[in-house]
Amino acid sequence: MIFTRLARKNGAASSFAMAIALATGAAVGATAALEAPASAQKRPKYSKGFIAAYTPLQTAVSAETPDAAAIKAAIPAVIAAIENEDDRYAAGGAIVGASQKTNDLGLALQGLELMLQSGKVAPEQVGMFNMQAGQIAYNRQEYSKSRAFLQAALDAGYTENNPEGIIAESYFAEDRDAEGLAYLSGVVDARKAAGQAVDEAWLQRGLAVAYRGSMKDEVNKFAKWYVTDYPSETSWRDAIAILLNTGGYENPEILDLLRLGRRLGTLNDGRLYMEYVDAADYRRLPAEVVSVIDEGKQKGFLPADDPYVNDTRNQASERVAADRADMDNLLGDARASGATIRTVMAAGDALLSLNRPAEAEEFYLKAAGMPGAETPMALTRLGIAQLEQGKFADAVATFGRVEGPRGAIADLWAIHAAQAGEGTAAM
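This structure is a prediction, so every number in the text was calculated from the model and none was measured. In this convention, every chain numbers its residues from 1, walking through the sequence in written order. In keeping with the predicted nature of the model, local features appear solely for residues at pLDDT of at least 70, side-chain atom pairs appear and are counted solely at 80 or more, and the whole-chain, interface and lining totals rest on all residues. Side-chain metrics in this entry use all non-hydrogen atoms of the structure; hydrogen atoms and water are not considered.

Caption draft 1: Just the overall build of the chain, in detail. Within the chain one finds 21 helices and 0 strands. Burial analysis of the chain (427 residues in total) assigns 49% to the buried set. Taking the intrachain contacts of the chain between residues at least 6 apart in sequence as the baseline, contacts between residues at least 24 apart amount to 61%. Taken as a whole, the chain presents about 19,700 Å² of accessible surface, with 50% of it coming from carbon and sulfur. A run of H or I in DSSP becomes a helix once it reaches four residues, and a run of E becomes a strand once it reaches two; helices and strands are each numbered from the N terminus. A simple rule labels every residue: compare its accessible area, found with a 1.4 Å probe on the protein chains alone, to the largest value its type can have, and call it buried under 20%, exposed over 50%, or partly exposed in between. What makes two residues a contact is simply this: any of their non-hydrogen atoms within 4.5 Å. The Shrake-Rupley method, run with a 1.4 Å probe, gives the accessible areas here. Residue values count only the displayed protein chains as cover.

Rendered as structure tokens:
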């Protein structure tokens, strides 16, 4: 039972105080163990009018078979009779108790608001009371009110039960994705600045919302946070797939993004393998095409009897021997003083495709400084060549120099290079 009978022997006021102390402790027990007001250590001073108005509510709530309509009908008089903050706190506790009898979240929220407004909630309970009010307001789709309570909970030092996440969700529920992501980004930045862990669910949710809204900058930001803080096959697969779908890239960029996916083992369907094959182009990088097709078949992602797959592999295989035989001539031309940027890049690409990264590095370094060079591509591949040699710090620095649309791809490569150097990479 939420309320106790008033003990007539001790007088109405003192008995009422005891009833309220018990009510506010038990009434909110379904959500958390709340205490009577800190001021209850002193004798609360309830007004006579309030005591009179409270009695019908107590009677209705204490009935053997509570009548929801009767309970709700008694509440307005209780609120109207409030004359001081002790009355307000007690009224709030009684209304919260009434909410349990009527299964009415609106009453619970109303009661909690009154208790908080009274200033009588114990300081150590203020955060929890606000958290409860914020959760109820959110469930009632009163999102602005929910945010105010949840922020008050945070201001009071209450961090349990994910108040920040609920605040972000309140914006998303109102289709205010940009504001929600801005809020969530600020929370993540603050946590990181303080050296605190960031909830994985926040990063997953932020990435999903940014992807849903085609917000490229936010996609890249949350993707980087996700793979940095929680490197795994899942996080890397999500980050690479989302960037692949939102970047608007052409084959050269797709190739370098899928190279990262292959290195991390995130290529998990035939479509991705064939996208890789098309991006590599058997006429340009036949050895890599053969290797990718063979891997796709071995993992069961590419059918062994597919005519297009097999024909592409056969043509690539025929070119591999010729390319190997002509490699010395290509390298000689690329090292010549009058070499064109196209020849120098071709040499680097051929060597990288043949798993000769140390030699490829030479030509990407040369290409990056040549007039007319597509510097972001040269630097991306220079970083890959350095990473493949285990030159992790050099690779991170090189990827950090990549600008423009390729920057997001290079950022993911840089994160992987740093994790590989630390021994924490997902492989």
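Moving on, there is more to tell.
Caption draft 2: Layout of the side chain of N130. Here N130 lies in helix α6 (residues 123–139). Within the structure, the side chain of N130 is placed 3.0 Å from the backbone oxygen of V126, a separation counted as a polar contact. Discounting chain neighbours no more than four positions away, the residues touching N130 are L116, F149, L150, A152 and A153. Two N or O atoms form a polar contact when they lie within 3.5 Å of each other; inside protein one atom must be a possible hydrogen donor and the other a possible acceptor, and for residues adjacent in sequence the pair counts only when both atoms belong to side chains.

Caption draft 3: Broad picture of helix α15 (residues 286–298). In a helix, the anticipated span is given by 1.5 Å times the number of residues less one. For α15, which comprises 13 residues, the first-to-last C-alpha distance of 18 Å matches the rise-based estimate of 18 Å (1.5 Å per residue) to within 8%. Every buried residue of α15 is accounted for by P286, A287, E288, V289, V290, V292, I293, E295 and G296. Next to the buried residues of α15 lie α13 (251–264), α14 (270–280), α16 (307–335) and α17 (341–353). Phi turns positive, to about 85 degrees, at G300, one or two residues after α15.

Caption draft 4: Structural context of the nonpolar core. Counting 95 residues, the largest nonpolar core has W236, F399 and L412 as the members making the most contacts within it. By residue number, the principal contributor to this core is helix α21 (residues 407–422), which donates 9 residues. Ignoring sequence-local partners within four residues, the contact set of F399 consists of T380, G383, I384, A410, W413, A414 and A417. By nonpolar core is meant a set of buried Ala, Val, Leu, Ile, Met, Phe, Trp, Tyr and Cys residues that side-chain atoms within 4.5 Å join together. Among the nonpolar cores identified, the runner-up in size contains 21 residues, and Y54, A94, L107 and L114 belong to it.

Caption draft 5: Quick peek at a negative patch on the surface. Like-charged residues within 9 Å of one another, or nonpolar side chains (Val, Leu, Ile, Met, Phe, Trp, Tyr) within 5 Å, are grouped into patches, provided each residue has over 30% relative accessible area and no salt bridge. One side-chain nitrogen of Lys or Arg within 4 Å of one carboxyl oxygen of Asp or Glu is enough to make a salt bridge. Two residue types count as positive, namely Lys and Arg, and two as negative, namely Asp and Glu; His and chain ends fall outside the count. Taken as the charge location is NZ of Lys, CZ of Arg, CG of Asp or CD of Glu. A surface patch of like charges, here negative, comprises D323, D326, D328 and D333. For D326, a relative accessible area of 40% puts it in the partly exposed group.

Caption draft 6: Examining the packing of α6 against helix α8 (residues 163–173) more closely. Helix axes are fitted only over the stretch in contact, all axes being lines through C-alpha atoms; the angle between N-to-C directions runs from 0 to 180 degrees. Where α6 meets α8, the axes come as close as 11 Å, and the angle between the chain directions of the two elements is 25 degrees. Considering the angle they form, α6 stands roughly parallel to α8. Note that α6 runs across α8; the crossing there is left-handed. Across the interface between the two elements, M131, Q135 and Y138 from α6 touch P163, I166, E169, S170 and A173 from α8. In this scheme, roughly parallel covers angles under 35 degrees and roughly antiparallel covers those over 145, while 65 to 115 is roughly perpendicular and the rest are oblique. What makes a crossing left-handed is the near helix being turned counterclockwise from the far one by less than a right angle; a clockwise turn instead makes it right-handed.

Caption draft 7: Molecular detail of the packing of aromatic side chains. Two aromatic rings, drawn from Phe, Tyr or Trp (for Trp, its six-membered ring), form a pair once their centres lie within 6.5 Å of each other, and the interplanar angle then sorts them: stacked below 30 degrees, edge-to-face above 60, tilted otherwise. Enumeration over the complete set of coordinates arrives at 7 aromatic pairs. A connected cluster of aromatic rings, assembled from ring pairs, spans Y46, F50 and Y54. Seen from the ring of Y171, R147 lies directly overhead, with NZ or CZ sitting 4.2 Å from the centre. Stacked on the ring of Y282, the Lys or Arg R283 has its end atom at 5.9 Å from the ring centre. A ring has a charge above it when a Lys NZ or an Arg CZ is no more than 6 Å from the ring centre and no more than 35 degrees off the ring normal.

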